[in-house]
Amino acid sequence: MWTLENLAAGAVYFGLVMYAVFGGADFGGGIWTALASGPRAREQRSKLFHAIGPVWETNHVWLIFVVVTLFTAFPKGFAALFTALLIPLVIALIGINFRGAAFAFRHFGRQTGEQIPFMVSIFAVSSILTPFALGMAVTATATGKIVFVNGWVQAGPWFWIGPFTLVGGLTGMAICAYLTPIYMTVRTEGELQRDFRRQGIIAALVLGFLTTVEIPVAMLDAPLFASRLLSWRGVPFVAMSVISGITTLILLWRGRFQWAQIAAVGTVTLTISGFAAAMYPDLLIGQLSLSAAAAPPTTLRAFFSVLAIGIIILAPSLLLLYWTFRGEPNPERNP
Amino acid sequence: MDNVLSARALMGISLGFHIIYATIGIGLPLMLMIAEGLCLRTGDELYHQLARRWIRPAGVLFAIGAVSGTILSFELGLLWPRFMAFSGPLIGLAFSIEGFAFFTEAIFLALYFYGEQRLSRQMLFFCTIILTVAAAVSAVFVISANAWMQTPAGFRLVNGTLADVHPFQALANPAWAHEALHGTLAAYVATGFAVAGVYALALLRGQNSDYNKRALTLALAVASVSLPLMLVSGDWSAMTIAVQQKPKLAAMEALFTTTRGAPLYIGGWPDPATGQVRYGIRIPKLLSYLAFRDPDALVEGLDAFPPGTTPDPRLVHPFFDLMVASFFIMLAAAVWFWWLRWRRREVPLDKWPLRALLLASPFGMVALESGWLVTEFGRQPWIAKGHMRVAEGVTPQTSIGLVLLTFLVVYLALNVGLLILLMRPASTEEVPETTQGNRHVDT
C-alpha cells in the first residue's frame, strides 16, 4: 500500500484536489460573472473580481504542480496522457491563457481608469471553457479507450468525446460554479450574501444531479470505471460525498456559512476521491498501472525530498496569503 | 508543415515569448527590493512610490508569464512526449524545485502587489526579498533542465532503457553551473536596460522629474553591476563549452576545419558548401586563445565530428555575434552615462547619452534571446545530446501544424492586446503628479 508510486500518486491526487478547491473557485468566479443576474449583478461581479485578484495566480500553480509531478513521477503515463489528450488539453490551454490575460488586462485597465467590457466577456467564456475541457480530459482517462499498441499509446482523435466525458466536463464546470458562491457567502453581507447563497444552492443541486447521472452513464460508457466505483473501494466515497453534499445544502439553507464552506470543500474532495479510488491502481484505467508508469525509485525518493522542503516553505506562505486576503474581498479595504 | 518542424516552431515561439516575461519576473523583483530597501533606510517616500508604480504594468507581465509558463509545461507533453518519457525521471527534479520556487514567487507577488493596505512597510520589503530569491532560484533550476539537454548526466542506457538513474547528478549536470550563472545575470541586465530605456525616453521628452531620474539611475545601476559579470561568466561559459560541447563551439565560431591556432571570426556568413566564412573579420589565433588560453591550441572544427551530428553554423554563428555585439552596445551606452554622471554628480540630461541609452535598452533582451538561440540551435540535431535526436522525441500525433497555427493566433491576440494596453496610458504614466490628478484610481 505505502509503495513509492502510491505515495507519488497521492501527490498527484493532492495537487488535483487543491487545484479544484482553490483554482476551481477562481474559474467559478468567471462562470458566475457570466451568470450574475438580478438588481445586484454589478456588485456580484465586482466582489468576484476583487476576491479572485490576489489569489488566482497562486491557485493556478497547483495545475503546474500536477503536471510537473506527473512527468517526474509517472513519465510514461504523462507521455501517454499528453499524446492521447492533445485536443482537449489544447482547448484547456487556450482557455487558461485567455482567462489569465483577460483578468490581468481588465485589472490593469481598471487601475488606469478604463473599463474594458470585452475583457470581461473573454474572462467569463474562458472560465467556462477551461474546467469543461479539463473535466473531459480527466474523465477520459477512466473510459478505457486509451490503449497501448506495441508499447505506445493509441487513441482516435475524437475518442475523448462521449456521454461519460461530456458529463465529466459538465461536472468540472459544476464543481467550480459550486465552490465560488459558497466561499463568497462568508465574505459578504446582507442582500449580496443572500444572492450568493441562492447561487450556491442552485449549483449544489446541479452538481448533485450531474454526479448522480454520471454513474449510470459510466455503466454504459466506462464500464470498468463504473464497476470499480461501485465496489467496496469506491462506494464509501460515493456515500460520503452524497452525505457531504446534502449537509452543505442544509447548512446553506440555515445560513451557517462558515460550516457550509467547509462542507462544500469536503464534497468536492470526496467526489474527486471517489474518482481516484475507482481509478486505483491505474493511471489509465485497465491499460497502464501506476507502478508500470512510475519513474525509477531513485527519482521518486528525490522527488519526495524536494516535496518535503517545498511544503515546509509553501504551507506558511499560503496561510499568510489567505490570511491577509480574508474577509472583505476588496484588498484596498480592511478585512 | 512537417510535424517535427511544427513542433520545434511552436516550442521555440512559446519559449521566445516566455523568456521575455520570465526575465522581467526575475529582474524586476530585485529592483523592487532595492527601491523598498532604500525607502526604509533613507525614509524617502519617492523610492516606495517608484516601486509601487512599477507593479501596475508588472502585474500584467507577471500574469502573462504565468500563463505562458503553463503553456510550456503542457507543451513538454503535447509536443515532446517521447522525450519526456525518457528524461522525466531526470529533469523532473529541476522542474519540481523550480515549481516550488515559482509557487513562492506567486504568493509573495500577490502579497506585495495587493497588500499595500493590509501589510506594514517592513512586511512589504520582506515580500520583495523573498520574491527576489524565489525568482532567482526558479531561474537557476529551470536552467538545469535546459543544461541537461546540452550535457545529459545521471543515468546509463541499457538496451535503450534507463538504468542507474541519479536525479541529483542529472540536476548538477556539467553545463548547469555556467549556464545558470550566465542566464540569471542576463535577466538582470535585460530588465535593467529595458526599464532604463523607458525613463530615458521620459527624460528625453522633457519630463525631468526627480522620479524619472532616480528610476533611471536605479535600473541602470542594476544592469551596470551585472554587465561586467556577464563578460566574466560568458568567458567561463565559452571555455567550458570548448571542453564539454565541442560541436557547439565550432558552430558558434564558424570553425569548419580543425585548426591549430584557430582564428576568431567577427561577423561574416559561414558557408557550409565551401567551408569558408565570407565577409567576416578574421583575427588570427584569437579563438584558440579565448577557448584554451593558448594561441596555438588545437580547436576542433565541424569536420571533427560525424556528418549529421553537428549543428548548422548559419543558425548559430550570427546569433552568437549578435549576443556579443549587444553586450558592447549596452556597455558603451552605460559607460557614457556613468562617466557624465560621475563628472557632473547628477543625472546627465543631454540628448545624446540619453538617446544612446534608449537605443541600447532593447539589447539586453536581444542578447538574452540570441544567447538562448545559440544554446538551442547549437545543440541540434539532438534533444538530449548524444542520446536522443529531436525527431525521436516528437509526438506521434500528426496534427501539430494545426496546433501551431492555433497558438500563433493565441499569441498574436495576447501580445497585440498587451501592447495596446501598455502603450495607451504611457504618456501620462511617467509623471505621477498629473496621473493622480486626472486619472481615476481603482476603487
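Residues numbered from 1 in each chain as written. Chains lettered and ligands numbered in written order. Predicted model: local features only at pLDDT ≥ 70, side-chain atom pairs only at ≥ 80, totals over all residues. Heavy atoms only, no water.

A. Layout of the overall build of chain A. Helix and strand counts for chain A come out as 13 helices and four strands. Overall size of chain A, expressed as C-alpha extent along the three principal axes, is 60 × 40 × 35 Å. Per-residue burial over chain A gives 60% buried out of 335 residues. Long-range pairs, those at least 24 residues apart, make up 79% of the contacts in chain A between residues at least 6 apart in sequence. Element-wise, carbon and sulfur atoms account for 71% of the exposed surface of chain A, whose accessible area totals about 13000 Å². (Helix = DSSP H or I, 4+ residues; strand = E, 2+ residues; numbered from the N terminus. Buried < 20%, exposed > 50% of the residue type's maximum accessible area, 1.4 Å probe, protein only. Contact = heavy atoms within 4.5 Å. Areas by Shrake-Rupley, 256 points an atom, 1.4 Å probe, with all protein chains shown as cover.)

B. Up close: the overall build of chain B. Per the secondary structure count, chain B includes 16 helices and 10 strands. Taken against the 2.2 N^0.38 rule, which gives 22 Å for 443 residues, the C-alpha radius of gyration of chain B at 23 Å falls within 12% of a compact globule. Seen through its principal axes, chain B has C-alpha atoms that stretch 70 × 45 × 40 Å. Out of the 443 residues belonging to chain B, those deemed buried represent 60%. Sequence separation of 24 or more characterises 77% of the internal contacts of chain B that already satisfy a separation of 6 or more. Looking at chain B, you have 31 positive and 29 negative side-chain charges, and the mean spots of the two groups are 4 Å apart. (Rg over C-alpha atoms; globule rule 2.2 N^0.38 Å. Lys, Arg positive; Asp, Glu negative; His and termini not counted. Charge placed at Lys NZ, Arg CZ, Asp CG, Glu CD.)

C. Just the side chain of T217 of chain B, in detail. All names here are of chain B. Structurally, T217 is set in helix α7 (residues 210–244). Under the relative-accessibility criterion, T217 is labelled buried at 18%. For T217, the side chain forms a polar contact with the main-chain oxygen of K213, separated by 2.7 Å. Ignoring sequence-local partners within four residues, the contact set of T217 consists of W338, R341 and V347. (Polar contact = N/O pair within 3.5 Å; in protein donor to acceptor, adjacent residues only side chain to side chain.)

D. Representation of a nonpolar patch on the surface in the model. All names here are of chain A. Taken together, the side chains of M1, W2 and L7 make up a nonpolar region of the molecular surface, amounting to roughly 430 Å² of accessible area. Within the secondary structure, M1 is located in the segment before α1 (4–35). On the accessibility criterion, M1 (70% relative accessible area) is exposed. (Patch = residues over 30% accessible without salt bridge, like charges linked within 9 Å, V, L, I, M, F, W, Y side chains within 5 Å. Salt bridge = Lys/Arg side-chain N within 4 Å of Asp/Glu carboxyl O.)

E. How the structure looks around α1 of chain A. An ideal rise of 1.5 Å per residue puts 46 Å on 32 residues; α1 of chain A measures up with 44 Å between its terminal C-alpha atoms. At G24 of chain A, α1 of chain A shows its maximal kink, close to 35°. (Expected span 1.5 Å × (residues − 1). Bend = angle between axes of the 7 residues up to and from the residue.)

F. Expanded view of the confidence of the model for chain B. All names here are of chain B. For chain B, per-residue confidence averages 89 on the pLDDT scale, and 95% of positions sit at 70 or higher. Predicted confidence in chain B is weakest over helix α16 (residues 432–438), with a mean pLDDT of 35, and strongest over helix α12 (residues 363–377), with 95. Every residue in residues 426–443 scores below 50 in pLDDT, and together they form 31 contacts with partners more than four places removed in sequence or on other chains. (pLDDT = per-residue confidence, 0-100.)

G. A look at the pattern of salt bridges. Residue and element names in this part refer to chain B. One pass over the structure, following the stated rule, counts 18 salt bridges over all chains. Here E116 makes a salt bridge to R52, at a shortest N to O gap of 2.6 Å. On the criterion of sequence distance, the pair formed by E116 in the loop between α3 (81–114) and α4 (121–150) and R52 in helix α2 (residues 45–79) is long-range, its members being 64 residues apart. For R52, a relative accessible area of 13% puts it in the buried group.

H. Molecular detail of the interface of chain B and chain A. With 67 residues of chain B at the interface, the matching set in chain A holds 70 residues. Counting the surface lost from both chain B and chain A, the interface buries some 6400 Å², and carbon and sulfur atoms represent 75% of this. Along the contact surface separating chain B from chain A lie zero salt bridges. Taken together, the connections running from chain B to chain A amount to 10 residue pairs in polar contact (both at pLDDT 80 or more). Mapped onto the side of chain B that touches chain A, the elements with two or more residues apiece are α2, α3, α5 (167–171) and α14 (400–423) of chain B. Ranked by residue count, the leading element in the side of chain B that touches chain A is α3 of chain B, at 23 residues. Among the residues forming the side of chain B that touches chain A, the class breakdown is 44 nonpolar, 17 polar and six charged. (Buried area = accessible area lost by both parts, 1.4 Å probe. Nonpolar A, V, L, I, M, F, W, Y, C, P; charged D, E, K, R; others polar.)

I. Structural detail: the nonpolar core. By size, the foremost hydrophobic cluster in this structure holds 264 residues, and its most contacted members are F74 and F225 of chain A together with F83, W148, F193 and L216 of chain B. By residue number, the principal contributor to this core is α3 of chain B, which donates 21 residues. For F83 of chain B, the contacting residues outside a window of four places in its chain are G88, I91, W148, M149, I383, A384, M388 and G393 of chain B. (Core = buried A, V, L, I, M, F, W, Y, C linked by side-chain atoms within 4.5 Å.)

J. Focus on helix α13 (residues 297–324) of chain A. The terminal C-alpha atoms of α13 of chain A lie 40 Å apart, and with 28 residues this matches the ideal 40 Å at 1.5 Å per residue to within 8%. Helix geometry: α13 of chain A is bent most strongly at I311 of chain A, by close to 25°.

K. Fine view of the packing of helix α7 (residues 163–187) of chain A against helix α11 (residues 257–279) of chain A. Residues and elements named next belong to chain A. Between α7 and α11, whose axes approach to 8 Å, the crossing angle comes to 160°. Of the possible angle classes, the one that applies to α7 and α11 is roughly antiparallel. Relative to α11, α7 is oriented so that their crossing is left-handed. Here I175, Y178, L179, I182, Y183, T185 and V186 of α7 lie close against α11, whose contacting residues are F257, Q258, A260, Q261, A264, V265, T267 and V268. (Axes fitted to C-alpha atoms, helices over the stretch in contact; angles between N-to-C directions. Parallel < 35°, antiparallel > 145°, perpendicular 65-115°, else oblique. Left-handed = near helix turned anticlockwise from the far one by under 90°.)

L. Structural detail: the packing of helix α1 (residues 3–42) of chain B against α7 of chain B. Residue and element names in this part refer to chain B. Look at α1 against α7: their axes get within 10 Å of each other, and the N-to-C directions meet at 125°. When the interaxial angle is binned, α1 and α7 end up oblique. Like other packed secondary-structure pairs, α1 and α7 cross with a definite hand, here right-handed. Side by side, α1 and α7 meet where L30, M31, I34, A35 and L38 of the first sit next to L218, A219 and V222 of the second. Looking at the contact of α1 with α7 residue by residue, the class counts come to eight nonpolar, no polar and no charged.

M. Fine view of the packing of aromatic side chains. Residues and elements named next belong to chain B. Under the defined criterion, the tally for this structure stands at 34 aromatic pairs over all chains. Each ring, one from F337 and one from W338, has its centre 5.2 Å from the other, and the planes form 85°; the classification is edge-to-face. Seen from the ring of W352, R355 lies directly overhead, with NZ or CZ sitting 4.7 Å from the centre. (Phe/Tyr/Trp six-rings, centres within 6.5 Å; stacked < 30°, edge-to-face > 60°. Lys NZ or Arg CZ within 6 Å of the ring centre and 35° of its normal.)

N. Just the confidence of the model for chain A, in detail. Residues of chain A with pLDDT of at least 70 account for 98%, and the chain-wide mean is 90. No element of chain A has a lower mean pLDDT than strand β2 (residues 152–154) of chain A, which averages 83, and none a higher one than helix α10 (residues 235–253) of chain A, which averages 95.

O. Just unusual backbone geometry, in detail. Residue P281 of chain A follows Y280 of chain A across a cis peptide bond; omega there is 5°. Here P281 of chain A shows up in the loop between α11 and β3 (282–284). Between Q380 of chain B and the following residue, P381 of chain B, the backbone shows a cis peptide bond with an omega angle of 0°. With respect to the secondary-structure elements, P381 of chain B resides in the loop between α12 and β9 (382–384). Not every positive phi belongs to a glycine, and D164 of chain B is a case in point at roughly 50°. Note on placement: D164 of chain B falls in the loop between β2 (161–163) and α5. On the accessibility criterion, D164 of chain B (42% relative accessible area) is partly exposed.

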